[in-house]
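# An overview of the molecular structure
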Amino acid sequence: MNSILPPEARPSIALRPMTGAKRDLESALQLSRAAGWAYRLEDWRIAQVLGQGVLAEENGQVIGSALCWPYGDAFATCGSIIVAPAMQGRGLGRALLTQVLELTGDRAVMLNSTAEGTRLYQSFGFDALGSVHQHLAQTSADHPQPSADLPVRIARANDLEALLQMDQRAFGADRRRMIGELTQNGAVAVVECAGRPQAYAICRPFGLGQVIGPVVATGTEDAKALIGYFLRTNLGQTLRIDIPGDSGLGPWLTAQGLPEVGQVTTMIRGQHPAISGPERIFALASQSFG
Ligand SMILES: CC(C)(COP(=O)(O)OP(=O)(O)OC[C@H]1O[C@@H](n2cnc3c(N)ncnc32)[C@H](O)[C@@H]1OP(=O)(O)O)[C@@H](O)C(=O)NCCC(=O)NCCS
């Protein structure tokens, strides 16, 4: 793995696969904290279990990370690309990305880039595709709560296959392993039509509190009904939701007491898989997972 390190890198720096060992997860947690990211140890565990990663290490100290999540043979996302502040600007980000793109192989790769990452990704052939807006706040019991107009209910075990198919049509690739894992970690709600789920959302612990995502629906009314359900059932909690720029939900979320607190650029290298049905992604599973 070390052959891709730049000549100016110190010989003591090594790249190696990230494992699920406690030591790797705790080191990654320290790294994300140093970057100001609010990941928990459990968030790193889930990210590692569902994907593949590379760590950069020097003298037993983890100084960089990069992960990817393949969805079938044609598509993958990557993220958690972090270099320790003291080690930045020496080619380590470039080396980590090179390594992780070897893991994704011929797949098209999508990621959500911070302002700091954009130039690096452009130099690897990534093009801007859109934006993702992070909305986050501690919800208040005093804030007017969205009304419950549509029939939202908690998903049942026999809804799962319908949810997975909806997700695949909206995302463009089969991410059933990931969605299956996320449903185990949180609450799943659906909007029902004629006895069948026609939209779904997951709300699960992540970062500073709970994250609502993914939200998959055919239109904004169903998406708002699902998000509204989780707003009402999580009063007083810190709630986060990451929405695509074209979701049309931004002003509504702000009016519900969830203002925008950050923005990243969605970038892609290769061809995005075709979206095959009427459903769309109204909120991401996470900025890393897409
Ligand atoms: C983005 C990041 C991973 C880059 O790592 P790095 O080791 O500093 O990057 P490299 O030294 O390999 O530089 C690669 C390219 O990135 C660009 N770059 C690096 N730091 C940058 C910065 N702060 N702002 C803008 N561009 C930057 C440069 O164009 C450089 O290209 P060059 O070598 O042709 O000049 C690092 O700044 C970081 O960890 N930032 C905080 C976490 C983060 O935002 N990660 C991106 C998540 S998508």
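Residues numbered from 1 in each chain as written. Predicted model: local features only at pLDDT ≥ 70, side-chain atom pairs only at ≥ 80, totals over all residues. Heavy atoms only, no water.

## Details of the overall build of the protein chain
In terms of helices and strands, the protein chain carries 8 helices and 13 strands. Here the protein chain has a C-alpha radius of gyration of 19 Å; the compact-globule value for 290 residues is 19 Å, and the two agree. Seen through its principal axes, the protein chain has C-alpha atoms that stretch 60 × 40 × 30 Å. Split into buried and exposed, the 290 residues of the protein chain put 53% on the buried side. If you take every contact in the protein chain between residues at least 6 apart in sequence, the share linking residues at least 24 apart comes to 72%. Entry remark: accessible area of the protein chain is about 12600 Å², with carbon and sulfur atoms responsible for 50%. (Helix = DSSP H or I, 4+ residues; strand = E, 2+ residues; numbered from the N terminus. Rg over C-alpha atoms; globule rule 2.2 N^0.38 Å. Buried < 20%, exposed > 50% of the residue type's maximum accessible area, 1.4 Å probe, protein only. Contact = heavy atoms within 4.5 Å. Areas by Shrake-Rupley, 256 points an atom, 1.4 Å probe, with all protein chains shown as cover.)

## As for the site of the ligand
Taken together, 19 residues lie around the ligand, and Ile-81, Val-83, Gly-89, Gly-91 and Thr-114 are the ones closest in. At 2.7 Å from an oxygen atom of the ligand is found a main-chain nitrogen or oxygen belonging to Gly-91. For the ligand, an oxygen atom lies 3.0 Å from a polar atom in the side chain of Arg-119. Breaking the shell around the ligand down by element, the ones donating at least two residues are strand 4 (75-83), helix 3 (92-104), strand 5 (108-113) and helix 4 (118-122). Class assignment of the residues belonging to the shell around the ligand gives a composition of 7 nonpolar, 8 polar and 4 charged. (Near = heavy atom within 4 Å. Polar contact = N/O pair within 3.5 Å; in protein donor to acceptor, adjacent residues only side chain to side chain. Nonpolar A, V, L, I, M, F, W, Y, C, P; charged D, E, K, R; others polar.)

## Digging into the packing of helix 5 (residues 160-171) against helix 6 (residues 176-185)
Relative orientation and spacing of two packed helices are given, respectively, by the angle between their axes and the distance between those axes. Axis separation between helix 5 and helix 6 bottoms out at 10 Å; the angle between their running directions is 130°. Here helix 5 lies oblique to helix 6, going by the angle between them. The hand of the helix 5/helix 6 crossing is right-handed. For the pair formed by helix 5 and helix 6, the contact residues are Leu-160, Glu-161, Leu-164 and Asp-167 on the first element and Arg-176, Ile-179 and Thr-183 on the second. (Axes fitted to C-alpha atoms, helices over the stretch in contact; angles between N-to-C directions. Parallel < 35°, antiparallel > 145°, perpendicular 65-115°, else oblique. Left-handed = near helix turned anticlockwise from the far one by under 90°.)

## Notes on the nonpolar core
If you look at the biggest cluster of nonpolar residues, it comprises 66 residues, and the most contacted ones within it are Trp-44, Leu-92, Leu-97, Tyr-200 and Phe-289. Element by element, the count of residues in this core is highest for strand 3 (residues 61-71), at 7 residues. When residues of this core are sorted by domain, at least three fall in each of domain 1 (2-106) and domain 2 (133-262 + 269-283). In this view, Phe-289 contacts Ile-46, Ala-47, Leu-50, Trp-69, Tyr-71, Thr-77, Phe-171, Arg-175, Met-178, Leu-182 and Arg-204; residues no more than four positions away in its chain are not counted. Formed by 26 residues, the second largest nonpolar core is a distinct cluster that contains Ile-212, Leu-226, Ile-227 and Ile-241. (Core = buried A, V, L, I, M, F, W, Y, C linked by side-chain atoms within 4.5 Å. Domains from an automatic or database assignment.)

## Notes on the side chain of Asp-24
With respect to the helices and strands, the residue Asp-24 is situated in helix 1 (residues 22-34). Residue Asp-24 is classed as buried on the basis of its relative accessible area of 3%. Here the side chain of Asp-24 touches Thr-19 through a polar contact of 2.8 Å, landing on its backbone nitrogen. If near-sequence neighbours (up to four positions away) are discounted, Asp-24 is found in contact with Arg-16, Pro-17, Met-18, Thr-19 and Leu-55.

## Observations regarding the domain arrangement of the protein chain
We note that the domain assignment places domain 1 (2-106) and domain 2 (133-262 + 269-283) within the protein chain. Buried area between domain 1 and domain 2, summed over both chains or domains, comes out near 1300 Å², and the portion from carbon and sulfur atoms is 67%. Of all residues in domain 1, Leu-50, Tyr-71 and Phe-75 bury the most surface against domain 2, accounting for 46% of the area lost on that side. Seen at the junction of domain 1 and domain 2, the total is 1 salt bridge. Scanning the region where domain 1 abuts domain 2 turns up 3 residue pairs in polar contact (both at pLDDT 80 or more). Broken down by element, the side of domain 1 that touches domain 2 gets its largest block of residues, 6 residues, from helix 2 (residues 41-50). (Buried area = accessible area lost by both parts, 1.4 Å probe. Salt bridge = Lys/Arg side-chain N within 4 Å of Asp/Glu carboxyl O.)

## Digging into the packing of aromatic side chains
Scanning the model with the defined rule gives 8 aromatic pairs in all. Where Trp-69 meets Phe-289, the ring centres are 5.2 Å apart and the plane angle is 75°; that geometry is what we call edge-to-face. Taken together, the positions of Trp-69 in strand 3 and Phe-289 in the segment after strand 13 (280-283) put the pair 220 residues apart, joining distant regions of the chain. Assessed through its relative accessible area of 0%, Trp-69 is described here as buried. (Phe/Tyr/Trp six-rings, centres within 6.5 Å; stacked < 30°, edge-to-face > 60°.)

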